[in-house]
Amino acid sequence: MKEKRKRKLSGIERRNTINFYLYISPWLLFFLVLTVYPMIKSLFLAFTDSGFTGDGTFVGLANFIQAFQVDALFWPAFKNTLCYVLMYVPLSLLLSFVLGWLLSRKVKFLGFWRTIFYLPYITAGVAVTILWGWIFNGSYGVLNYFLSLLGITGPNWLGDKHLALGCIVVMSLWSLGNQILIMLAGIQDIPASLYESAQIDGASTLRQVFSITLPLSTPTIYFNLVIGTITAFQLFNQPYILTDGGPVNSTLTVAMLIFRNAFEYGKMGYASCIAWCLFLVIMIVTGIIQATQKKWVFYND
Amino acid sequence: MKGKSKKLFTAALFGTAVAAMTGGVTASAAELSGDLDIWAWGADDEAKSRENALEIFKEEHPELNLTYTILPTADSVWDQKAAAALSSGSAGDVMQMSPDYYGMNTEFYIDLNPYVEKEGVNLDEVLTPGIIDGYYDADGKLEGFPNHTNCFVMAYNKDMFDDAGVAYPEAGWTLQDMTDWGTAFVSGEGANKTYALAKHWVMNNVMLYSGGGLPYEEDLSKANMSTDKVVEALTLYNTLISNGLIPDDTAQMTIPAETLFVSGKTAMYPCGGFEAITVTNDADENGINIGFTSMPSDPDGNEINVQYATGWAITTTSENPDAGWQFLKEIAYENDAMAEAIAVCGIPANKKIAETTYAETTYLGDGLDNTYYVEHLGNSHLNPWGGTLASSGDIWETMVQSVTLDGQDPQAVVDQYGPQIDTEFASYGFNN
Amino acid sequence: MKKKNPMSKSAAHRLEMTIIYIVLILCAIVCIFPFLWMLTTAFKSTAEAYQFPPTLIPKRWLFKNFANGLKQADFGLFTRNTVFLVLFNTVATVFSSAFVAYGFARFQAKGSKFWYTCLMATLMLPAQVTLIPQYLLYFKAHMVDTYWPLMIPSLLGGGAYNIFLFRQFFLSLPKELDEAAMIDGASSFQTFTHIMLPAVKPVSMCVGVMSLVYNWNDFYQPLIYLNSTKKFTVAIGIQFLNSSMGTTKIGQMMAVAVVMTIPVLIIFFLCQKYFVEGIKMQGIKG
């Protein structure tokens with residue numbers, strides 16, 4: 001009897017295993033060939049002095065010593081990236097939650113609003129960066145023009161090393177469309193019955209937000225937090241085009257440092273070393289976020 | 001027609017030359033065959049001029065299976081694509097390169113010296129003076145061959161000078177003098193602000209030479225960035241910006257400097273040969289009268305001009321380098337029609353066309369024709385921070401920003417960053 | 001609890017909605033301003049584009065910007081290429097990411113946790129690290145200058161982000177749905193195609209639209225892997241208007257950008273209803 005059950009269970013297990021690997025096989029193939037192999041290759045490069053051609057000799061930890069002790073830009077680049085992450089991620093969560101919630105309030109022409117908020121995400125591209133440069137320009141910029149109408153002399157936004165990174169945060173926040181829509185979906189997924197009973201109890205709108213919407217949205221917030229953090233750590237395009245890392249390297253990110261070393265200075269080995277440092281940092285930060293999720297992410301099951 | 005007969009003559013000459021020699025490179029126009037793949041970059045008019053030249057070559061060489069691609073540089077993508085293709089050996093036979101942007105010291109390209117020697121041609125006679133210099137490595141390797149180049153002229157807004165009662169600048173004017181008379185143009189607030197000189201992207205390099213020094217030894221053996229002349233240059237730059245003579249834009253992307261000039265916001269604009277048509281047309285459209293003068297001089301009286309050059313190289317993986325060389329020499333000096341096609345974007349390498357067709361091109365405004373650019377090319381410095389030197393260039397940019405945007409003391413900045421550039425130069429390994 | 005006066009309640013509701021609309025309109029202005037600017041700049045000359053103070057309505061309407069801009073490259077051909085690539089990648093992404101996600105959502109096996117962690121870790125890799133080795137692989141497989149390097153990622157899983165979204169949706173469906181089908185003798189594949197796929201229509205729309213927008217705008221991958229001009233896409237084409245020397249004809253560039261954005265905008269507007277229904281985050285452990 002006992003034996004038979006065990007055999008049956010292992011039969012299901014075996015079928016599950018076969019099915020599991022069968023279904024994930026397309027991704028597994030991609031992962032093993034086009035992700036793991038390039039990763040191993042770049043890990044190997046991180047310990048060599050490879051130049052443009054990718055050929056180099058083993059140099060041990062020299063690249064890491066160069067990064068940690070010699071390169072004057074390594075720590076600033078990580079500091080800038082971290083500052084960006086710390087500014088961008090919380091603001092993006094707050095904004096996407098507020099806007100997602102507003103859109104969930106049975107507003108008229110929902111499709112219209114959704115499209116408007118998604119518009120920046122669609123138009124993002126070469127045209128938009130040019131535009132943002134013009135908005136932030138110190139003397140002739142649109143932003144300072146509007147400020148001057150209010151009698152305020154605006155600063156030189158991108159020329160001030162304390163403001164430039166903030167401008168890049170603002171620019172990134174502008175194309176938040178995906179996150180807002182994911183947030184909206186999460187909020188709309190909350191059973192209406194919960195609100196109804198709260199209304200019968202006479203809870204105010206604001207109370208409902210804090211006692212129902214916010215806690216039940218934590219899985220969505222968690223998702224946006226993880227994805228947002230991962231992408232924020234890899235910030236490249238906006239500072240590359242808008243400020244080229246300036247002023248005084250205050251917007252130089254790790255991804256830009258990798259790019260410069262790999263493709264401009266021809267230091268492939270060193271660039272791989274920095275890339276692996278970045279990868280490890282992202283892994284650790286994501287790991288920490290994941291470890292905290294039990295404490296604050298509310299699961300309804 | 002002219003180009004063709006000349007080519008036939010060379011081919012005939014070559015047949016005998018090859019017969020007389022043994023080993024080394026063998027090239028004869030008559031013997032060309034096989035595939036030739038050419039990669040170029042460029043957008044807009046630049047792309048079109050290259051396409052025209054390539055089509056001429058294609059038509060004249062039916063014996064070659066010529067394929068080519070013209071790619072937009074698209075922010076950082078060209079660099080990445082070129083690196084990936086070159087390091088995997090899948091790039092074209094002939095690649096566009098630039099001694100001041102991408103391509104020097106990469107080990108991807110063959111040395112062209114043997115071809116030049118074989119050709120037995122005196123490059124000084126056929127190439128625009130000064131155009132080939134940048135293509136030689138520190139050790140004498142000829143990495144590429146020129147296509148065209150550009151330097152700058154100082155355009156000025158006559159109306160603004162007249163209104164301010166300032167005499168038009170004349171050859172030999174200096175940025176030091178401008179700190180006096182230039183203040184006449186500094187006025188207004190916010191959207192009405194006006195300046196003396198636009199902050200064109202070339203300005204950081206112009207300022208680099210404004211103290212009279214050279215950033216490094218000519219043989220690249222060591223950097224000279226810790227000198228008093230660099231301190232002087234940074235001090236001058238800071239004076240010009242803090243007194244409002246030059247805008248303090250960090251990013252040239254914010255508003256194109258050209259737009260400020262053609263809408264009367266800056267009195268002067270360093271106008272590159274590649275943008276002369278656009279600038280003069282836009283100024284004319286806005287009813288602004290412009291004149292032209294030399295670029296400013298340094299304290300020793302030498303004009304400060306900067307050159308941006310574009311050329312071609314043959315990859316080490318190419319299986320048809322002889323056909324590649326045929327293309328390189330035709331576009332550089334042998335085929336006049338090809339040179340005329342590229343002359344719309346700057347000074348062609350072909351000396352004859354540079355001094356005739358190109359030089360005769362005139363622009364709207366007061367008396368600018370391309371003779372100016374040809375004559376001033378010899379005074380110019382090639383963009384000093386090209387290729388692998390980019391890492392030092394990035395440090396120079398940091399130095400400029402530290403002084404002009406962050407208010408740091410020029411001497412302190414030189415003390416801090418000068419040694420960093422020395423370290424970079426040591427790491428290039430040019431001096432061994 | 002004291003029952004509230006129904007009049008004051010509706011007044012409070014009206015106030016709430018008014019505040020909501022004001023905030024929405026303010027945010028909408030911020031979101032729409034750049035697009036409006038693009039639209040008006042598309043009709044301006046370069047000189048007017050940067051005028052101070054800015055003009056919202058062009059003084060002189062340059063309709064020729066559109067004609068001249070579209071003349072800069074073979075946009076007819078590029079559009080055909082783009083439509084092919086985008087359609088293929090959108091359909092492939094939806095199917096392959098649904099397929100892989102079904103595996104992750106429904107079958108427990110030894111190592112499934114490990115592979116799931118690997119899946120999420122792929123999001124953390126900076127693209128610049130893997131570029132050159134990946135290029136080398138495609139080159140060795142003779143796939144450079146073909147559409148394969150652009151299509152293979154869609155065919156093989158469609159990316160971790162999409163797999164994740166599908167997995168969440170599958171997890172939200174009752175297990176009884178597929179178990180019932182299995183008992184009826186359907187194979188797991190039949191269950192997948194006949195029962196599960198129709199049930200995940202909303203998330204398919206969502207992944208489809210995101211993949212469409214991404215593939216439509218992406219010039220990085222196509223430019224890296226394509227060499228022949230006749231294979232280029234619209235997103236590469238627009239880069240031909242972006243001069244590296246700072247003399248971009250901004251009006252023409254914006255004209256092309258506007259023309260390029262509008263089809264995506266329309267598709268998004270038509271699909272956005274499903275888009276939002278497709279995202280399931282509730283009650284599922286990550």
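Residues numbered from 1 in each chain as written. Chains lettered and ligands numbered in written order. Predicted model: local features only at pLDDT ≥ 70, side-chain atom pairs only at ≥ 80, totals over all residues.

Student: Help me out: how do you make sense of the overall build of chain B in this one?
Tutor: A count of helices and strands for chain B gives 17 helices and 11 strands. On C-alpha atoms alone, chain B measures out to a radius of gyration of 23 Å, which is about the 22 Å that the 2.2 N^0.38 rule sets for 432 residues. Here the C-alpha coordinates of chain B stretch approximately 70 × 50 × 35 Å along the principal axes. Put simply, of all contacts in chain B between residues at least 6 apart along the chain, 74% involve residues at least 24 apart. (Helix = DSSP H or I, 4+ residues; strand = E, 2+ residues; numbered from the N terminus. Rg over C-alpha atoms; globule rule 2.2 N^0.38 Å. Contact = placed C-beta atoms within 7 Å.)

Student: Mind showing me how you'd approach the interface of chain B and chain C here?
Tutor: For an interface, size is often stated in terms of accessible area lost upon the parts coming together. Contact residues are listed per partner, giving 32 residues for chain B and 31 residues for chain C. Broken down by secondary-structure element, the contributors of at least two residues to the side of chain B that touches chain C are helix H2 (44-60), strand E2 (64-71), helix H3 (77-88), helix H10 (257-262) and helix H11 (276-285) of chain B. When residues of the side of chain B that touches chain C are assigned to their parent elements, the largest contribution, 7 residues, is made by H3 of chain B. Counted by class, the side of chain B that touches chain C contains 15 nonpolar, 11 polar and 6 charged residues. (Nonpolar A, V, L, I, M, F, W, Y, C, P; charged D, E, K, R; others polar.)

Student: What's the story with the domain arrangement of chain B in this structure? I'm lost.
Tutor: All names here are of chain B. Segmentation of chain B into domains returns domain 1 (2-150 + 308-358) and domain 2 (152-306 + 385-428). Spacing between the C-alpha centres of domain 1 and domain 2 amounts to 33 Å. Domain 1 puts 13 residues into the contact, and the matching count from domain 2 is 8 residues. Classifying every residue of the side of domain 1 that touches domain 2 gives 7 nonpolar, 5 polar and 1 charged. (Domains from an automatic or database assignment.)

Student: What's the story with the sheet that holds strand E6 (residues 195-197) of chain B in this structure? I'm lost.
Tutor: In a beta sheet, neighbouring strands pair by backbone hydrogen bonds and run either parallel or antiparallel. Residues and elements named next belong to chain B. The strand order E6-E7-E5-E8 describes an open sheet built from 4 strands, whose pairing is mixed. The open sheet has two edge strands, E6 and strand E8 (290-293), and neither has a second partner. Here the strands of the sheet are splayed against their neighbours by 30° on average, with no regard to which way each runs. Bridge analysis of strand E5 (residues 152-157) against strand E7 (residues 266-272) gives 5 bridges, and the strand direction is antiparallel. (Pairing = 2+ DSSP bridges. Axes fitted to C-alpha atoms, helices over the stretch in contact; angles between N-to-C directions.)

Student: Whenever I open this one, the pairing of strand E4 (residues 145-150) of chain B confuses me. Can you help?
Tutor: Consecutive side chains along a regular strand alternate between the two faces of the sheet. All names here are of chain B. For E4, the tally of buried residues reaches 6 of 6 residues, placing the bulk of the element in the interior. Judged from the 5 bridges that link them, E4 and strand E9 (residues 305-314) form a sheet pairing that is antiparallel. When the sheet's bridge partners are listed, Phe145 is paired in E9 with Trp312. Pairing geometry for E4 and strand E10 (residues 347-348), over 2 bridges, is antiparallel. Its bridge partner lying in E10, His148 is registered against Pro348. (Buried ≥ 20, exposed ≤ 12 C-beta atoms within 10 Å, placed from the backbone.)

Student: Could you clarify how one ought to interpret unusual backbone geometry in this entry?
Tutor: A negative phi angle is the norm for most residues apart from glycine, just as the trans form is the norm for most peptide bonds. Not every positive phi belongs to a glycine, and Asn249 of chain A is a case in point at roughly 60°. Among the structural elements, Asn249 of chain A can be located in the loop between helix H11 (237-242) and helix H12 (254-264). Backbone geometry places Asp145 of chain C, a non-glycine residue, at a positive phi of 65°. Relative to the helices and strands, Asp145 of chain C is located in the loop between helix H6 (127-140) and helix H7 (148-155). Its 16 C-beta neighbours within 10 Å are what place Asp145 of chain C among the partly exposed residues.

Student: How should the interface of chain C and chain A be read in this particular structure?
Tutor: On the side of chain A, 80 residues touch chain C, which itself brings 76 residues to the contact. Sorting the residues of the side of chain C that touches chain A by element identifies helix H1 (6-41), helix H4 (75-106), helix H5 (112-121), H6, H7, helix H11 (201-217), helix H13 (234-239) and helix H14 (250-277) of chain C as the ones contributing at least two each. Residue composition of the side of chain C that touches chain A, by class: 52 nonpolar, 18 polar and 6 charged.

Student: I tried to follow the packing of helix H3 (residues 74-103) of chain A against helix H10 (residues 205-233) of chain A on my own but got confused; where do I start?
Tutor: Helix-helix packing: each pair is described by the crossing angle between the helix axes and the interaxial distance. Residue and element names in this part refer to chain A. Look at H3 against H10: their axes get within 9 Å of each other, and the N-to-C directions meet at 145°. Like other packed secondary-structure pairs, H3 and H10 cross with a definite hand, here right-handed. Along the contact surface, H3 presents Thr81, Tyr84, Val85, Tyr88, Val89, Ser92, Leu93, Ser96, Phe97 and Trp101, while H10 presents Val209, Thr213, Ser217, Ile221, Asn224, Leu225, Gly228, Thr229, Ala232 and Phe233. The class makeup of the residues in the contact of H3 with H10 is 12 nonpolar, 8 polar and no charged. (Left-handed = near helix turned anticlockwise from the far one by under 90°.)

Student: Whenever I open this one, the pairing of E2 of chain B confuses me. Can you help?
Tutor: Residues and elements named next belong to chain B. With 8 bridges joining them, strand E1 (residues 34-41) and E2 adopt parallel strand pairing. Bridge assignment links Asp37 to a residue of E2, and that residue is Thr67. The parallel pair E1 and E2, bridged by H2, forms a crossover whose chirality is right-handed. (Right-handed = clockwise from strand over helix to strand, strands pointing away.)

Student: What should I look at first to understand the environment of Thr248 of chain C in this one?
Tutor: All names here are of chain C. Here Thr248 shows up in the loop between H13 and H14. Exposure remark for Thr248: the 21 C-beta atoms within 10 Å place this residue in the buried category. For the pair Thr248 and Thr46, spaced 202 residues apart in sequence, the C-alpha to C-alpha distance is 8.5 Å. Beyond its immediate stretch of four places on either side in the chain, Thr248 contacts Leu241, Asn242, Ser243 and Met253.

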